[in-house]
Amino acid sequence: NAGVTQTPKFQVLKTGQSMTLQCAQDMNHNSMYWYRQDPGMGLRLIYYSASEGTTDKGEVPNGYNVSRLNKREFSLRLESAAPSQTSVYFCASSEMGQLGNTIYFGEGSWLTVV
Amino acid sequence: AQKVTQAQTEISVVEKEDVTLDCVYETRDTTYYLFWYKQPPSGELVFLIRRNSFDEQNEISGRYSWNFQKSTSSFNFTITASQVVDSAVYFCALRGNTGGFKTIFGAGTRLFVKA
């Protein structure tokens, strides 16, 4: 009963380092998302992929890149990490095309940039 | 633009008290969905309920109930006879039929239930 799996769960980076957060879902969902969660700001959408082969910017895309590797996998890359990117990152997925489709989340990745 | 406001940052209650978490939303979309998620201390986000804009019936699930009022753009969540296990951050979210089906979340309400 894996659902959405993301790795790593915890990571500490130095300013300027790069890293990739990996995400995979086994629910055969078409759409995938990356959110970040910061205190008092709820969840903000970084990037999303409505379907395999497409990606679009969300509310806060600056400093990030994404790759929809296949239907199952959607990765988030920080090319040059900054302290402002210290956050909890959530990957999520849903069916495509239906307004009411529920988003299901992974367990989160805690990232600290020092 | 779409917006979700959860004005209550933190709420503290004693076990067995009833508590209502407020959610007010803004959208110009005629068709939209509203969601509630729970984030317990372990950190995962758990889906609780989904409601579409054409269905204003209140819903009850055990100790949880939801009151959707289109006239006031509110989708409030009530926990009856709260328990310590209800301690969590609760998020309200909105998805409209424009803007690429993006889901907008409120800032969350942290609920503390004391024994």
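Quantities reported herein were computed from a predicted structural model and do not represent experimental measurements.

J.: Account for the interface of chain A and chain B, with residues named and values stated.
T.: Listed per partner, the contact involves 21 residues of chain A and 25 residues of chain B. Summed over both sides, the interface between chain A and chain B buries roughly 1800 Å², with carbon and sulfur atoms accounting for 61% of that surface. On the surface where chain A and chain B come into contact, there are zero salt bridges. Our count for the contact surface shared by chain A and chain B stands at four residue pairs in polar contact (both at pLDDT 80 or more). Only strand S4 (31–38) and strand S5 (42–49) of chain A provide two or more residues apiece to the side of chain A that touches chain B. Counting residues per element, the side of chain A that touches chain B draws most heavily on S5 of chain A, at four residues.

J.: Lay out the state of the cysteines with the relevant residues and their values.
T.: Residues and elements named next belong to chain A. Taken as a whole, this structure holds two disulfides over all chains when the rule is applied. A disulfide bridge connects Cys23 with Cys91, and the sulfur atoms are separated by 1.8 Å. Linking Cys23 and Cys91, the disulfide has an S-S dihedral of approximately -75 degrees and is accordingly described as left-handed. Separated by 68 residues along the polypeptide, Cys23 in strand S3 (residues 19–25) and Cys91 in strand S9 (residues 87–94) bring together distant segments of the chain. Side by side, Cys23 and Cys91 carry an identical accessibility label, which is buried.

J.: Describe the environment of Tyr104 of chain A, naming the residues involved and giving the relevant values.
T.: Residues and elements named next belong to chain A. Mapped onto the elements, Tyr104 comes out in strand S10 (residues 104–105). On a C-alpha basis, the gap between Tyr104 and Phe74 in space is 14 Å, while along the polypeptide they are 30 residues apart. In this view, Tyr104 contacts Val4, Met27, His29, Cys91, Ala92 and Ser93; residues no more than four positions away in its chain are not counted.

J.: Residue-level account of the sheet that holds strand S8 (residues 74–78) of chain A, with values.
T.: Residues and elements named next belong to chain A. Pairing in this open sheet of four strands is antiparallel, and the strands run S1-S3-S8-S7 from one edge to the other. Only two strands of the sheet have a single neighbouring strand rather than two, namely strand S1 (4–7) and strand S7 (64–68). Averaged over all pairs of adjacent strands, the angle between strand axes in this sheet comes to 15 degrees, irrespective of strand direction.

J.: Describe the environment of Lys38 of chain B, listing the residues and the values that go with them.
T.: All names here are of chain B. Take Lys38: it is sitting in strand S5 (residues 32–39). Separated by 70 residues in the primary sequence, Lys38 and Gly108 place their C-alpha atoms 9.3 Å from one another. Excluding residues that lie within four positions of it along the chain, Lys38 makes contacts with Glu44, Leu45, Val46, Leu48, Tyr64, Val85, Asp86, Ala88, Val89 and Tyr90. Among the polar contacts made by the side chain of Lys38, one reaches the main-chain carbonyl oxygen of Val85 at a distance of 3.1 Å.

J.: With reference to specific residues and values, describe the layout of surface pockets.
T.: A water-sized probe rolled over the atoms picks out the places where empty space is left. Of the voids in this model, the largest pocket is the one considered here, and its volume is about 520 Å³. Those elements giving two or more residues to the lining of the largest pocket turn out to be S4 of chain A together with strand S10 (88–96) and strand S12 (109–114) of chain B. Looking at the lining of the largest pocket element by element, the count peaks at four residues for S12 of chain B. By volume, the second largest pocket amounts to about 230 Å³. Ala2, Val4, Tyr104 and Phe105 of chain A together with Leu45 of chain B are the residues nearest the centre of the second largest pocket, which is lined by 15 residues in total. Looking at the lining of the second largest pocket, the elements with two or more residues in it are S10 of chain A together with strand S6 (46–52) of chain B. Classifying every residue of the lining of the second largest pocket gives 10 nonpolar, three polar and two charged.

Criteria and thresholds
Residues numbered from 1 in each chain as written. Chains lettered and ligands numbered in written order. Predicted model: local features only at pLDDT ≥ 70, side-chain atom pairs only at ≥ 80, totals over all residues. Heavy atoms only, no water. Contact = heavy atoms within 4.5 Å. Buried area = accessible area lost by both parts, 1.4 Å probe. Salt bridge = Lys/Arg side-chain N within 4 Å of Asp/Glu carboxyl O. Polar contact = N/O pair within 3.5 Å; in protein donor to acceptor, adjacent residues only side chain to side chain. Helix = DSSP H or I, 4+ residues; strand = E, 2+ residues; numbered from the N terminus. Disulfide = S-S within 2.5 Å. Buried < 20%, exposed > 50% of the residue type's maximum accessible area, 1.4 Å probe, protein only. Pairing = 2+ DSSP bridges. Axes fitted to C-alpha atoms, helices over the stretch in contact; angles between N-to-C directions. 1 Å grid on protein atoms, 1.4 Å probe; cavity = no way out; pocket = protein on both sides within 12 Å on 5 of 7 lines; lining within 4 Å. Points joined across faces, edges and corners; volume = space filled by probe spheres on them. Nonpolar A, V, L, I, M, F, W, Y, C, P; charged D, E, K, R; others polar.

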